[in-house]
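# Architecture at a glance
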Amino acid sequence: MTVDAQQETLEFQTEAKQLLQLMIHSLYSNKEIFLRELLSNAADACDKLRFEALTDEGIYEGDSELKIHVDFDKEKRTVTIHDNGVGMTRQDVIDNIGTIARSGTRQFLESLNGDQVNDAKLIGQFGVGFYSSFIVADKVTLETRRAGVAAEQGVRWQSQGEGSYSLENTELPRRGTTITLHLREGEDEFLDDFRLRMIIRKYSDSLDLPIVMKKTGEEEEGEEVVNQASALWTRPRKEITDDEYQSFYKHISHDFEDALSWVHTRSEGRQSYTSLLYIPARAPFDLWERQQSQGIKLYVRRVFIMEDTEHLMPTYLRFVRGVIDSDDLPLNVSREILQKNRQIDVMRAASVKKVLGMLESMARDDGEKYDKFWQQFGRVLKEGIVEDEGNRQRIAALLRFTSTAGDNVSLNDYIERMKEGQEKIYFITADSLTAARNSPHLEVFRKKGIEVLLMHERVDDWMLTALDSFSDKALRSVAKGNLDLGDLDDEETKKAREEASDKLADLLPRMQEILGDKVKEVRATDRLTDSPACVVVDDEEMALNLRRMLEAAGQPVPPSQPILEINPEHPLIALLEAEEEDDRFADWVNIIHDQAQLSEGGQLQDPAQFVRRINEMLVRITN
Ligand code: ADP
Ligand code: MG
């Protein structure tokens with residue numbers, strides 16, 4: 001039978017063109033990874049076929065020994081990779097190879113910055129693996145036939161990586177995919193048996209699939225398996241070297257860098273499964289997308305089922321990569337089943353505990369490493385405080401803050417340093433570290449030598465809505481309610497405070513009258529030493545910082561009236577008391593109120609008026 005070739009030439013998407021060029025340049029220093037990428041695709045294709053065969057044995061066409069062949073031809077200067085996996089239809093080829101439909105592509109292009117080392121690290125994360133062939137090849141031929149279709153429905157794809165590719169039908173007796181790389185001038189190093197074997201072993205030892213090459217040696221005939229070909233996680237822990245763990249990590253995560261840490265466990269009993277979970281060294285570009293499907297691969301008795309992080313890890317651990325291999329789940333498990341499966345729930349809960357346990361030991365045994373982790377993923381872990389009530393205290397112990405006493409402060413560090421008589425953990429939230437550090441609310445704490453946690457990340461206010469205590473110690477904002485230092489308040493200060501209030505008995509109502517409903521109350525405070533005034537909110541009110549964040553995000557927030565607190569000892573307040581002229585008094589009061597908002601990180605409703613008032617005052621003083 002003859003094949004209707006349906007030859008056509010198609011253009012890549014513009015993005016693909018650009019990508020190819022960038023790929024070649026930025027990956028050149030690590031060019032051998034083309035082979036890893038192609039082997040990984042071939043292994044994926046075999047996994048897919050094995051999965052389809054679960055419901056349809058016939059799809060094997062009598063050939064169920066899945067493997068990958070690697071071959072080279074010195075004369076023709078080609079390297080060939082063949083797999084007898086699932087293959088592709090013509091449309092699959094157009095969709096998967098011709099189009100770079102991945103949303104990551106654009107982000108990838110945008111995140112390139114010309115720094116070769118960093119750019120190279122990024123590429124793997126964007127699933128542009130196939131194109132890495134063009135680093136070493138100036139022409140790539142891909143022949144493929146989908147499992148289960150007739151030999152005449154084979155497809156040949158060919159491209160020189162310069163903007164277009166050709167596509168034609170061709171008869172292919174062998175199922176699966178063959179990729180032939182026509183090497184560029186100067187890339188002959190890959191026409192070498194030893195070199196190719198080294199690369200295969202380096203990247204693909206733990207692929208659960210034999211990778212075979214022709215036997216070497218004069219008289220030898222036939223082929224031999226080059227890699228170890230066993231699923232790494234099924235081997236005993238003590239027999240696996242760190243290098244093997246790392247190379248497996250790179251295979252499953254497409255990361256170029258080593259993992260920071262991993263935990264490998266076998267659970268027997270009501271649920272039998274193996275898990276191997278990694279923490280990457282660097283946050284991926286899409287860490288902030290909370291819906292992540294990639295990351296955890298689910299296997300059932302060593303058969304790859306699906307990649308589904310959503311059901312296997314909570315959102316706040318979405319950066320974890322790895323494998324969970326269950327002995328008990330049915331092989332035909334679907335996403336729908338995952339959603340309401342008790343076995344999945346048990347494995348998930350146990351995996352969370354494993355990851356938290358790994359982080360705890362890292363924090364205990366290798367602080368420097370933990371700091372690295374925290375830098376990359378700390379903000380994501382904070383989401384766990386809100387989302388994982390059951391593990392809240394464990395997660396809280398893993399949090400790190402900057403405080404008035406230093407960096408990388410844990411809540412336990414804080415508690416250890418608490419002053420005699422101190423009952424609460426004090427914190428302040430602000431838009432930036434500088435704003436937090438310089439807030440007037442800290443003045444009295446500094447004077448008394450009490451440590452305050454400086455929270456300045458966006459998630460902090462949200463996190464704090466769920467974290468009201470740690471180790472029986474209440475967390476307390478220094479910018480909320482009456483300053484209550486508990487036993488830290490000595491008799492002397494209490495007395496001073498009362499005296500101060502008496503002293504201001506006339507002034508406070510006068511100020512209140514000027515400010516009207518801009519404030520809930522004007523009162524004296526002893527929380528300030530250097531500033532004349534500050535604004536605070538009542539205990540039950542939303543923190544000002546959280547309010548600003550929600551407002552900026554266009555969220556409705558209930559109206560609030562902050563309280564203006566006055567430092568009776570401040571010279572400005574003395575001036576204010578002495579002011580008899582009503583207009584000037586009103587100006588002073590407004591300036592003080594505006595200032596208090598500014599130093600708290602707030603924005604003025606009428607900044608121009610603030611400036612005008614200040615200037616008038618300056619003119620008056622200098623005259
Ligand atoms: P990724 O592997 O991250 O999806 P690639 O660029 O490596 O990205 O591959 C793109 C797609 O092309 C794959 O997802 C797969 O659908 C298809 N593909 C690549 N190689 C093969 C192969 N050997 N057999 C079957 N399909 C393949
Ligand atoms: Mg790939």
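Above this text sits the structure in question.
Residues numbered from 1 in each chain as written. Chains lettered and ligands numbered in written order. Predicted model: local features only at pLDDT ≥ 70, side-chain atom pairs only at ≥ 80, totals over all residues. Heavy atoms only, no water.

### Considering the overall build of the protein chain
What counts is decided by this rule: What counts as a helix is a DSSP run of H or I of at least four residues, what counts as a strand is a run of E of at least two, and both are numbered from the N terminus. Radius of gyration means the value over C-alpha atoms here, while the globule rule gives 2.2 Å times the residue count to the 0.38 power. For each residue, the accessible area found with a 1.4 Å probe, counting protein chains only, is set against the maximum for its type, and the residue is called buried under 20%, exposed over 50%, and partly exposed in between. Contacts between residues were defined by any pair of non-hydrogen atoms, one from each residue, lying within 4.5 Å.
A count of helices and strands for the protein chain gives 23 helices and 23 strands. Whereas a compact globule of 623 residues would reach a radius of gyration of roughly 25 Å, the protein chain reaches 33 Å, over 25% beyond that. When its C-alpha atoms are laid out on the principal axes, the protein chain stretches across 105 × 55 × 40 Å. The buried share of the protein chain, taken over its 623 residues, is 53%. A separation threshold of at least 6 residues defines the contact pool for the protein chain, and within that pool the share at least 24 residues apart is 70%.

### With respect to the pairing of strand β5 (residues 154-159)
To keep it simple, the criterion reads: When DSSP finds two or more bridges between two strands, those strands count as paired.
Note that strand β4 (residues 137-145) and β5 share 5 bridges and pair antiparallel. Its bridge partner being in β5, Leu142 is matched across the sheet by Trp157. With 6 bridges connecting them, β5 and strand β6 (residues 164-170) associate as antiparallel partners. Each residue of the ladder has a partner; that of Gln158, found in β6, is Ser166. Adjacent in sequence and paired antiparallel, β5 and β6 are bridged by 4 residues, among which Gly161 carries a positive phi angle near 70°.

### Considerations on the packing of aromatic side chains
Threshold: Classification of ring pairs rests on two measures: the distance between centres of Phe, Tyr or Trp rings, Trp counted by its six-membered ring, which must be within 6.5 Å, and the angle between planes, read as stacked under 30 degrees, edge-to-face over 60 and tilted in between. When the NZ atom of lysine or the CZ atom of arginine is within 6 Å of a ring's centre and also within 35 degrees of its normal, the charge is said to sit over that ring.
Taken as a whole and assessed by the stated rule, the structure comprises 14 aromatic pairs. Ring centres of Phe130 and Trp157 lie 5.4 Å apart, and the angle between their planes is 75°; this geometry places the pair in the edge-to-face category. With Phe130 in the loop between α5 (116-123) and α6 (133-136) and Trp157 in strand β5, this pair connects stretches of sequence that are 27 residues apart. Look at Phe130 and you get buried, because its relative accessible area is 7%. Judged by relative accessible area, which is 0%, Trp157 ranks as buried. On the numbers, 4.4 Å between centres and 20° between planes, the contact of Phe319 with Phe377 is stacked. Here the residue Phe319 occupies a position in the loop between α9 (309-312) and β14 (321-326), and Phe377 occupies one in helix α12 (residues 367-387), the gap between them amounting to 58 residues. On the basis of relative accessible area, Phe319 is assigned to the buried category, the value being 0%. One aromatic cluster is present, formed by Phe130, Tyr131, Trp157 and Tyr165 through successive ring pairs. Over the aromatic face of Phe256 sits the side chain of Arg36, whose NZ or CZ is 4.9 Å from the ring centroid. Over the face of the ring belonging to Phe585 we find Arg510, whose NZ or CZ atom lies 3.8 Å from the ring centre.

### Let's talk about helix α21 (residues 571-578)
Defined as follows: By construction, the arc corresponds to the directions joining the helix axis to the C-beta atoms.
When we look at burial in α21, the residues that qualify are Leu572, Ile573 and Leu576. For α21, the arc enclosing every buried residue in end-on projection is 100°, short of the 170-degree limit, so these residues lie on one face. The outward face of α21, more than 90 degrees from its buried face, is lined by the exposed residues Pro571 and Ala578. Buried residues belonging to α21 abut α19 (507-515), β23 (563-566) and α22 (582-599).

### Quick notes on the sheet that holds β5
Test applied: Axis definition: a line fitted to C-alpha atoms, limited for helices to the stretch in contact. Angles are taken between N-to-C directions and run from 0 to 180 degrees.
What the 9 strands build is an open sheet, ordered β1-β6-β5-β4-β7-β3-β2-β8-β9; its pairing is mixed. Of all the strands in the sheet, just β1 (8-11) and β9 (223-225) have a single pairing partner and so form its edges. Geometrically, the sheet is characterised by an average inter-axis angle of 20° between neighbouring strands, direction not taken into account. Of the strand pairs in this sheet, strand β2 (residues 68-73) and strand β8 (residues 211-214) are connected by 2 bridges, and their pairing is parallel. What sits directly across from Ile68, in β8, is Ile211. Contacting β1, β4, β5 and β6, helix α3 (residues 90-98) runs over the sheet at an angle of about 160° to β6.

### Side note on the sheet that holds strand β21 (residues 521-524)
Taken in spatial order, the 3 strands of this open sheet run β21-β23-β22, and their pairing is mixed. Each edge of the open sheet is held by one strand with a lone partner, namely β21 and β22 (533-536). The average angle at which neighbouring strand axes cross in this sheet is 25°, direction not considered. Bridging between β21 and β23 involves 4 bridges; their strand directions are parallel. The partner of Ala524 across the bridge, within β23, is Ile566. Helix-sheet contacts for α19 involve β21 and β23, and the interaxial angle to β21 is about 150°. Across the sheet, α22 touches β22 and β23, and the angle it forms with β22 is around 60°.

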